[in-house]
Amino acid sequence: MGTTIFSVMSALAAEVGAVNLGQGFPDFECDPLLVNQVTLAMQEGHNQYPPMPGAAPLREAVSQKIKALYDRHYHANSEITVTAGATQAILTILLAVVHPGDEVIVLEPCYDSYVPNIAMAGGIVVRVPLTPGTFRPDFNKIESAITPKTRAILINSPHNPSGMVWRHEDMLKLQEILSATQVLLISDEVYEHMVYEPLKHHSASSYPGLAERAFVVSSFGKTFHVTGWKVGTVAAPSALTTEFRKVHQFNVFTVNTPIQHALARYLADPGPYLELPNFYQRKRDLFRDGLTQTKFRLLPGEGTYFQCVDISELSVPEKNLGESEFCKWLAKEIGVAAIPMSAFYGDGFDQNVIRFCFAKQDKTLNTAIERLAKL
Ligand SMILES: Cc1ncc(COP(=O)(O)O)c(C=O)c1O
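Residues numbered from 1 in each chain as written. Predicted model: local features only at pLDDT ≥ 70, side-chain atom pairs only at ≥ 80, totals over all residues. Heavy atoms only, no water.

Engineer: Describe the packing of aromatic side chains, naming the residues involved and giving the relevant values.
Structural biologist: Here the structure, examined in full by the defined rule, presents 18 aromatic pairs. Pairing Phe-279 with Tyr-280 gives two aromatic rings, centres 5.0 Å apart and planes at 75°, and the pair type is edge-to-face. Every member of this aromatic cluster is reached through a ring pair, and the members are Phe-28, Tyr-191, Phe-279, Tyr-280, Tyr-305, Phe-306 and Phe-358. Positioned above the aromatic ring of Tyr-273, the side-chain terminus of Lys-65 is 4.8 Å from the ring centre. (Phe/Tyr/Trp six-rings, centres within 6.5 Å; stacked < 30°, edge-to-face > 60°. Lys NZ or Arg CZ within 6 Å of the ring centre and 35° of its normal.)

Engineer: Lay out the layout of surface pockets in plain terms, naming residues and giving numbers.
Structural biologist: A volume near 850 Å³ is recorded for the largest pocket. As for the largest pocket, its lining consists of 41 residues, and the residues nearest its centre are Thr-4, Phe-6, Tyr-111, Asp-112 and Ser-113. When residues of the lining of the largest pocket are traced back to their parent elements, those giving at least two are helix 1 (5-16), helix 4 (85-97), helix 5 (114-120) and helix 9 (220-223). Per element, the largest residue contribution to the lining of the largest pocket is four residues, and it comes from helix 4. Partitioning the lining of the largest pocket into residue classes produces 18 nonpolar, 16 polar and seven charged. (1 Å grid on protein atoms, 1.4 Å probe; cavity = no way out; pocket = protein on both sides within 12 Å on 5 of 7 lines; lining within 4 Å. Points joined across faces, edges and corners; volume = space filled by probe spheres on them. Helix = DSSP H or I, 4+ residues; strand = E, 2+ residues; numbered from the N terminus. Nonpolar A, V, L, I, M, F, W, Y, C, P; charged D, E, K, R; others polar.)

Engineer: Lay out the pattern of salt bridges in plain terms, naming residues and giving numbers.
Structural biologist: Using the criterion set out here, one finds 16 salt bridges in the structure. The residue Arg-127 makes a salt bridge to Glu-108 at a minimum N-O spacing of 2.9 Å. Taken together, the positions of Arg-127 in strand 4 (residues 124-129) and Glu-108 in strand 3 (residues 103-108) put the pair 19 residues apart, joining distant regions of the chain. Judged by its relative accessible area of 40%, Arg-127 falls in the partly exposed class. The exposure class assigned to Glu-108 is buried, which follows from its relative accessible area of 6%. Residue Glu-176 is joined to Lys-173 by a salt bridge in which the shortest nitrogen-to-oxygen separation is 3.6 Å. Taken as a pair, Glu-176 and Lys-173 lie in helix 7 (residues 168-179) at a separation of three residues, close to a single helical turn. (Salt bridge = Lys/Arg side-chain N within 4 Å of Asp/Glu carboxyl O. Buried < 20%, exposed > 50% of the residue type's maximum accessible area, 1.4 Å probe, protein only.)

Engineer: Before we move on, can you summarise the environment of Trp-166 with the specific residues and values?
Structural biologist: Along the chain, Trp-166 turns up in the loop between strand 5 (150-156) and helix 7. Assessed through its relative accessible area of 2%, Trp-166 is described here as buried. When the C-alpha positions of Trp-166 and Arg-371 are compared, they lie 33 Å apart, and in sequence the two are 205 residues distant. Ignoring anything within four residues of it in the chain, the contact list for Trp-166 reads Leu-107, Pro-137, Phe-139, Ile-155, Asn-156, Ser-157, Met-171, Leu-174, Lys-200 and His-202. (Contact = heavy atoms within 4.5 Å.)

Engineer: Please set out the side chain of Ser-187 residue by residue, giving values where relevant.
Structural biologist: Note that Ser-187 resides in strand 6 (residues 184-188). Judged by its relative accessible area of 2%, Ser-187 falls in the buried class. Side chain to side chain, Ser-187 and Glu-189 meet in a polar contact 2.7 Å long. Once you skip the residues sitting within four places of it in the chain, Ser-187 turns out to touch Ile-155, Ala-204, Phe-215, Val-216 and Val-217. (Polar contact = N/O pair within 3.5 Å; in protein donor to acceptor, adjacent residues only side chain to side chain.)

Have a look at this one:
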């Protein structure tokens, strides 16, 4: 397994002094209140191992949040586990449920850890493409990919890298398809609070026929601008949570204590996550408006903090280099780092599309737009 493209592009951006719109992380600070809560938790002595499934107040706060937003009650003791970010959550789920030789369906393009994680669990990756251009799920293809060996399907909405958001009808269709099977669902919802008008997030936890078979994965890193803290949660029915925790206890065992207590208190106010769509929608609009003055063709930006663009109409000959080489050239010569869409496909499928992250200060976005306008 090689080094991820995210690390490669971030290192290149730093080396050549490019504006880094590659890797998905904010270049602004989180709420100082949250930092103060961590300090307070440390001063109060929350510095030793918490219980294996996570600090009780955080699990309780998450349970209440899911109930309020998605109308499903997960029992804080037996159905919610705190993880070291979504990445550890997903690996742990796969290690817990996949037997060697089981098939796991992923919808490509997909987040880069899924495929190696399935391989690490001994599973067989079954790739189903999302529709090129719109990145919408193709349910005929999904249905025909299900076999008696299918153990799980991994979905991600809002979707990284495309920004596509699953509709209510999509969730219903998946529920219908899975109803006749024993297939488990892994629903990666780390961008749940970044969905833009008029759409809304439809969590697997809202659909009884999905929730009963689902591991629902969230991440505080995305929601509270603290990607480096690496804290997330998994909500799943107790039988699935029991299996999950068998691996979790020998994999990470526990997640750092003071941050869990801080998050528990911070969650008491729903304001910060309820205001997040407006916060990012404004940035998305600023970035999209700027890009309309360039030759990049904008793809839809329904959710997440990513904006994908087609490079086919650019006036520079480098547009023909292929996405990956183009991104390297763009960082070195134009001073903006992006991620090639091909990095999210197992076979490196190249469709002349690259991904920018707009979780950046306005001045960073404006500098990037100025540079991109040259193309
Ligand atoms: C779709 C998706 N899933 C999972 C993750 C990982 O989240 P975490 O930082 O909480 O491990 C990311 C991070 O970029 C992501 O985009």
